[in-house]
Amino acid sequence: MLSPPVEIKVQPRQTDPQCHRPPPPPQPQPRSFRLYKKWFPWFVPSIVVVNSVLFLVSMYINNCPHNSNRCIGKSVLGRFAFQNTHENPLLGPSAATLLEMGALRTREVVEKHQVWRLASCMWLHAGVFHIVANMVSLLFVGLRLEEEFGFVRIGLLYVIAGIGGSLSSCLFVRTTISVGASGALFGLLGAMLSELFVNWTIYENKFEAVLTLVVIIVINLAVGILPHVDNFAHLGGFITGFLLGFVLLIRPPFGYVKQRSAPSGYSAKSRKSKYKLYQYIMLVVSLILLIVGFVVGLNLLLRGVDGNHYCSWCHYLSCVPTPFWTCEARCLVSQLENQLNMTCIKNQRHKFYLLDNGNNTAQIQKLCVDLCN
């Protein structure tokens, strides 16, 4: 009969080197990290809400049924009814209401020193079509930027670019009022382009990204040559945003980020600089151009300088006449209460007028058209 097998354990000899080998030291674990922090976008949606509320407030203040017998949607909208399309084709309030709420007009800024209108006009909109187009574009562009860079940077970019667009508009658009967030929106587009350049090393498909963005920008700027569109606000906002992108949207290269994510106790042979030399150069040059541009522009504006006197072709940047449309007549206007002195830039004819309503921008433009024709 076979006995069950017996398990025998052999102890290692004292001379066995495995007995005295110390355990390997624990390897430091790398810290978990995100290459760049993602932000929760709340600022851009807040801008959409604020602009929408202010549009409703402007319609309430406008109160078309109380001031006019020709309102759109009076039976349904009541106090919020729109002005007739002859006065406002965008379905919104009157020019006088917008001016009362803070719309931009050069005369108020120069003669009454209401510089705050450079910022207030970007929160107002001329009509339903206007605000819907701007807010959809803002959500499309702004949400991604806020996720990538946070509300502080994008907030500063939005406001400063909007003021830059207003400043450019004031220097070249002398008679009509201007409202809307278009300057700020083009500032975001300009910043997206400069962000590609200043952070060039962290992108893989560099030329594809640049080409796509340039096509989008060119198409949007081309729309500005249509009549009744303030392309000077677009151009001023775009240039301001483009320069701000080098200042606010700069990012460290991958080498610096990897260095910061190294485990504790790790000592790099050569410490990486936070930014590359070309990034520092772009930042400094852009900051200087921004400061000089705003100082010179505000100085010229408050002195009442008309940019059209020094650039005879610049008006084509805002409207190019074609067989399909004609550009608005352009006049130099000086006004004292209801007395208006108007000179047509095209034929140098001038005439005095007595206005029924000193703030009626539509009437002033009609007089300008008649004078130039």
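Residues numbered from 1 in each chain as written. Predicted model: local features only at pLDDT ≥ 70, side-chain atom pairs only at ≥ 80, totals over all residues. Heavy atoms only, no water.

- Going by an unreviewed UniProt entry, the protein carries the name RHOMBOID-like protein and comes from Fraxinus pennsylvanica.
- What the UniProt record of the protein gives under Subcellular location (unreviewed entry) is the line "Membrane".
- In UniProt, the protein has this text filed under Catalytic activity (unreviewed entry): "Cleaves type-1 transmembrane domains using a catalytic dyad composed of serine and histidine that are contributed by different transmembrane domains." (UniProt positions renumbered as here; feature names shortened; annotations may be inferred.)

## Quick look at the pattern of salt bridges
For step 1, the next point in the chain: Throughout the structure, instances matching the rule amount to five salt bridges.
For step 2, the next point in the chain: Between lysine 112 and glutamate 108 there is a salt bridge, with the nearest N and O atoms lying 3.8 Å from each other.
For step 3, the next point in the chain: Judged by relative accessible area, lysine 112 falls into the partly exposed class, the value being 46%.
For step 4, the next point in the chain: Through salt bridges with shared partners, a single ionic network connects Arg105, Arg107, Glu108 and Lys112. (Salt bridge = Lys/Arg side-chain N within 4 Å of Asp/Glu carboxyl O. Buried < 20%, exposed > 50% of the residue type's maximum accessible area, 1.4 Å probe, protein only.)

## Focus: the confidence of the model for the protein
Detailed reading of the predicted coordinates is not advisable wherever pLDDT is low.
For step 1, the next point in the chain: Confidence in the prediction of the protein, expressed as mean pLDDT, is 80, and 74% of residues score 70 or more.
For step 2, the next point in the chain: Mean pLDDT values for the elements of the protein range from 58 in helix α11 (residues 254-260) up to 95 in helix α1 (residues 43-62). (pLDDT = per-residue confidence, 0-100. Helix = DSSP H or I, 4+ residues; strand = E, 2+ residues; numbered from the N terminus.)

## A short note on the UniProt feature "transmembrane region" (unreviewed entry) in the protein
For step 1, the next point in the chain: Mapped onto this numbering, the UniProt entry annotates "transmembrane region" (unreviewed entry) at residues 39-61, 122-143, 155-177, 183-202, 209-226, 232-250 and 277-302.
For step 2, the next point in the chain: Across residues 122-143, helical content stands at 73% and strand content at 0%; the span's end C-alpha atoms are separated by 19 Å.
For step 3, the next point in the chain: In this annotation, residues 155-177 is assigned 78% helix and 0% strand; the end-to-end C-alpha distance for the span is 25 Å.

## Observations regarding the environment of lysine 206
For step 1, the next point in the chain: Following the sequence through the fold, lysine 206 ends up in helix α9 (residues 206-223).
For step 2, the next point in the chain: Separated by 10 residues in the primary sequence, lysine 206 and leucine 196 place their C-alpha atoms 7.7 Å from one another.
For step 3, the next point in the chain: Contact partners of lysine 206, with chain neighbours within four places excluded, come to Trp200 and Thr201. (Contact = heavy atoms within 4.5 Å.)

## Things to note about the packing of helix α8 (residues 182-198) against helix α10 (residues 231-248)
For step 1, the next point in the chain: Interaxial distance between α8 and α10 falls to 6 Å at its minimum, and their mutual angle equals 35°. Classified by chirality, the crossing of α10 by α8 is right-handed. Taking contact as the criterion, the partners of Ser182, Gly183, Phe186, Gly187, Leu189, Gly190, Ala191, Leu193, Ser194, Phe197 and Val198 in α8 are, on α10, Ala233, His234, Gly237, Phe238, Gly241, Phe242, Gly245 and Phe246.
For step 2, the next point in the chain: Among the residues forming the contact of α8 with α10, the class breakdown is 10 nonpolar, nine polar and no charged. (Axes fitted to C-alpha atoms, helices over the stretch in contact; angles between N-to-C directions. Left-handed = near helix turned anticlockwise from the far one by under 90°. Nonpolar A, V, L, I, M, F, W, Y, C, P; charged D, E, K, R; others polar.)

## Let's talk about the state of the cysteines
For step 1, the next point in the chain: Inspection of every chain in the model, using the stated rule, returns one disulfide.
For step 2, the next point in the chain: A sulfur-sulfur separation of 2.0 Å characterises the disulfide bridge that pairs cysteine 64 with cysteine 71. In this structure the cystine formed by cysteine 64 and cysteine 71 twists about its S-S bond by roughly -95°; its chirality is therefore left-handed. Both residues of the pair, cysteine 64 and cysteine 71, count as buried.
For step 3, the next point in the chain: Residue cysteine 121 stays outside any disulfide, its sulfur separated by 7.8 Å from that of cysteine 170, the closest cysteine.
For step 4, the next point in the chain: Since its relative accessible area comes to 3%, cysteine 121 is described here as buried.
For step 5, the next point in the chain: Judged by relative accessible area, which is 1%, cysteine 170 ranks as buried. (Disulfide = S-S within 2.5 Å.)

## A word on unusual backbone geometry
Trans is the common state for peptide bonds, and a negative phi is the common state for residues other than glycine.
For step 1, the next point in the chain: At leucine 91, a residue that is not glycine, the phi angle is positive and equals roughly 65°.
For step 2, the next point in the chain: Tracing the backbone through its elements, the reader meets leucine 91 in the loop between β2 (82-83) and α4 (95-101).
For step 3, the next point in the chain: For histidine 113, which is not glycine, the phi dihedral falls at a positive 55°.
For step 4, the next point in the chain: Within the element layout of this structure, histidine 113 appears in the loop between α5 (106-111) and α6 (117-120).
For step 5, the next point in the chain: The exposure class assigned to histidine 113 is exposed, which follows from its relative accessible area of 55%.

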